[in-house]
Amino acid sequence: MDLILRNARLPDGRNGIDIGLRDGRIAAVEPRLAATSLEEIDVSGRLVTPPFVDAHFHLDSALSYGLPRVNQSGTLLEGIALWGELKPLLTMDAIVERALHYCDLAVSQGLLAIRSHVDVCDDRLLAVEALLHVRQQVAPYLDLQLVAFPQDGLYRSATAEKNLLRALDLGVDVVGGIPHFERTMADGARSVTRLCEIAAERGLRVDLHCDESDDPMSRHIETLAAETLRLGLHGRVAGSHLTSMHSMDNYYVSKLLPLIAESGVAAIANPLINITLQGRHDAYPKRRGMTRVPELLAAGVNVGFGHDCVMDPWYAFGSGDMLEVAHMAVHVAQMTSQTAIRQCFDAVTTNSAKILGLDGYGIAPGCHADLVVLQARDPFEAIRLRANRLLVIRRGRIIARNAPRSPQLALPGRPSGFPD
Ligand code: FE2
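Conventions and cut-offs
- Counting from 1, residues in each chain are numbered in the order their sequence is written.
- Under the rules for a predicted model, residues below a pLDDT of 70 receive no local features and side-chain atom pairs below 80 are neither given nor counted, while totals for whole chains, interfaces and linings still include all residues.
- Based on all heavy atoms of the structure, the side-chain values leave hydrogens and waters out of the count.
- Whether two strands pair depends on DSSP finding at least two bridges between them.
- In DSSP terms, a helix is any run of H or I states spanning at least four residues, a strand is any run of E spanning at least two, and both are numbered starting from the N terminus.
- Every axis in this analysis is a line fitted to C-alpha atoms, fitted for helices over the stretch in contact. Angles between the N-to-C directions lie between 0 and 180 degrees.
- Each domain's extent is set by a domain assignment, obtained either automatically or from a database.
- Here, residues are in contact when the closest pair of their heavy atoms is within 4.5 Å.
- In this description, buried area is defined as the sum, over both parts, of the accessible area (probe of 1.4 Å) that is lost when the two are combined.
- Each helix should span, by expectation, one fewer than its residue count multiplied by 1.5 Å.
- For every residue, the accessible area (1.4 Å probe, protein chains only) is compared with the maximum for its type, and the residue is labelled buried under 20%, exposed over 50%, or partly exposed between those bounds.
- For Na, K and Ca the donor cut-off is 3.2 Å, and for all other metals it is 2.8 Å, counting N, O and S atoms only; because water is absent from this set, sites may look incomplete.
- A four-donor site is called tetrahedral if each angle lies between 85 and 135 degrees; a four-donor site is square planar, and a six-donor site octahedral, when trans pairs exceed 155 degrees and the remaining angles lie between 65 and 115; all other cases are labelled irregular.
- Stacked, tilted and edge-to-face pairs are distinguished by plane angle, under 30 degrees for stacked and over 60 for edge-to-face with tilted covering the rest, among Phe, Tyr and Trp rings (Trp via its six-membered ring) whose centres lie within 6.5 Å.
- Whether a charge lies above a ring is judged from NZ of Lys or CZ of Arg, which has to be within 6 Å of the ring centre and within 35 degrees of the ring normal.

**Examining the sheet that holds strand S2 (residues 17-22)**
Okay, so step 1: With mixed pairing, four strands are arranged side by side in an open sheet as S3-S2-S1-S4. Each edge of the open sheet carries a strand with a single partner, namely strand S3 (25-30) and strand S4 (39-42). Each strand axis lies, on average, 20° off the axis of its neighbour in the sheet, ignoring direction.
Okay, so step 2: Of the strand pairs in this sheet, strand S1 (residues 3-8) and S2 are connected by four bridges, and their pairing is antiparallel.

**Side note on the domain arrangement of the protein**
Okay, so step 1: For the protein, the domain assignment lists domain 1 (3-50 + 362-401) and domain 2 (52-356).
Okay, so step 2: Domain 1 and domain 2 are separated by 30 Å when their C-alpha centres are compared.
Okay, so step 3: Taken together, the contacts link 21 residues of domain 1 with 24 residues of domain 2.
Okay, so step 4: Taken over both partners, the interface formed by domain 1 and domain 2 buries close to 1700 Å², and the fraction arising from carbon and sulfur atoms is 67%.
Okay, so step 5: Looking at the side of domain 1 facing domain 2, the largest losses of area belong to Ile-383, Arg-389 and Arg-394, adding up to 39% of the total buried there.

**Quick look at helix H6 (residues 220-231)**
Quick reminder: α-helices carry 3.6 residues per turn. Residues three or four places apart thus point the same way.
Okay, so step 1: For H6, which comprises 12 residues, the first-to-last C-alpha distance of 16 Å matches the rise-based estimate of 16 Å (1.5 Å per residue) to within 8%.
Okay, so step 2: Taken residue by residue, H6 has His-220, Ile-221, Thr-223, Leu-224, Ala-225, Glu-227 and Thr-228 as its buried positions.
Okay, so step 3: Where H6 is buried, its residues contact helix H5 (185-202), strand S10 (205-210), strand S11 (237-241) and helix H8 (250-263).
Okay, so step 4: Looking at the residues trailing H6, positive phi occurs at Gly-232, about 65°.

**Some words on the coordination of the iron ion**
Okay, so step 1: Surrounding the iron ion are the protein donor atoms His-56 (NE2), His-58 (NE2), His-209 (NE2) and Asp-308 (OD), at 2.1 to 2.6 Å.
Okay, so step 2: For the iron ion, the four donor atoms are set out with angles of 86 to 177° between them, so the coordination reads as irregular.
Okay, so step 3: Counting along the primary sequence, the residues that act as donors to the iron ion give the motif H-x1-H-x150-H-x98-D. Within this pair, whereas His-56 is found in strand S6 (residues 52-57), its partner Asp-308 is found in the loop between strand S13 (303-305) and helix H11 (322-332), the two being separated by 252 residues in sequence. As far as the burial class goes, His-56 and Asp-308 line up, both buried.

**Looking at the packing of aromatic side chains**
Okay, so step 1: In total, this model carries four aromatic pairs according to the counting rule given.
Okay, so step 2: The interplanar angle of 15° and the centroid separation of 4.5 Å between the aromatic rings of Phe-57 and Tyr-102 together place this pair among those described as stacked. Of this pair, Phe-57 sits in strand S6 while Tyr-102 sits in helix H2 (residues 92-108), and the two are 45 residues apart along the sequence. Each of the two residues, Phe-57 as well as Tyr-102, counts as buried.
Okay, so step 3: Seen from the ring of Phe-181, Arg-156 lies directly overhead, with NZ or CZ sitting 4.0 Å from the centre.
Okay, so step 4: Directly above the aromatic system of Tyr-284 lies the positively charged group of Lys-286, at a separation of 4.8 Å from the ring centroid.

What follows is the structure, given as structure tokens:
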């Protein structure tokens, strides 16, 4: 072994576990490993987890808050308009610099995989070129997956389809879209079909911004599920946001949930952004707007969470901390049972890893030696405290280290969670 982490607690509740790392992989996960390693670290019963995974992000706009001005209304639509004002002013160097800065912040917090949408509605494809460069730069320590995202609409923008195909030719990984932003519902549905066909032809994954609206009649998720079934894209498709589901008729949802489950389409909620952007047209009561996370999970749908935005035209806050995302989800969806809290932890780790199709993810022999040691004893405490990342390990090497925080409010001598 190159390194043994001793006395770890795992997210599934196993305790007193040793994890042996060799040649960048996990070699053993057992209660007591023989002392053969060059280095050993006693983690003293702290939670050791596979890295955090952000299933939905925008790295091309991250950290641009205030450029060229601030979003006054706080709406999605002003955010899109504001981004449209900023786009012509962007430079390659500025995008790369901000993106690399964010990646450093992410890695220091154990966020080692990000799916980022990249806007292709700029004939220069400047952001695409910049983020392809960044993907290569950060590859040793972070898996960056890029989605070709026609922000201004596949059909609403005259050159979007051509640019999307160019971006895929250049090596962008996933097909994106925004059906609710097309001019009509019919155009939106048509865009879903076209985008799924492009993905089927090229053997790619699909991740659409889908129904990011409070309009209960925004039902593009239905088309996305149906097209996924028709084209045999099972397991390769995700619907991001799905906020209209919050407002949909309950009878319709009782038909929709089994369809989504049957199609294998995954759902990606963005709790920080959904609670901020949705419900803006409401008087009181104001809708929360996040999609129906517990119900999707109960129907057997894989649900991941995304950070979506950090300091950009849509959201002034954010810190690259996926535990902050999970923390907001617990509150917005009222997922406060022990089981539900654990599900929120899975949504920023294993569920999102599955959506990205990450190879060798997890804590088992043969997996990549990518691990995070948290200053917490279980997923509940990790979310409650937005726990300190004591160690971040990538391919067996410690790449970030933080000193323990003190004091921490914890229940001494036992896991923080109570049984359901
Ligand atoms: Fe987004």
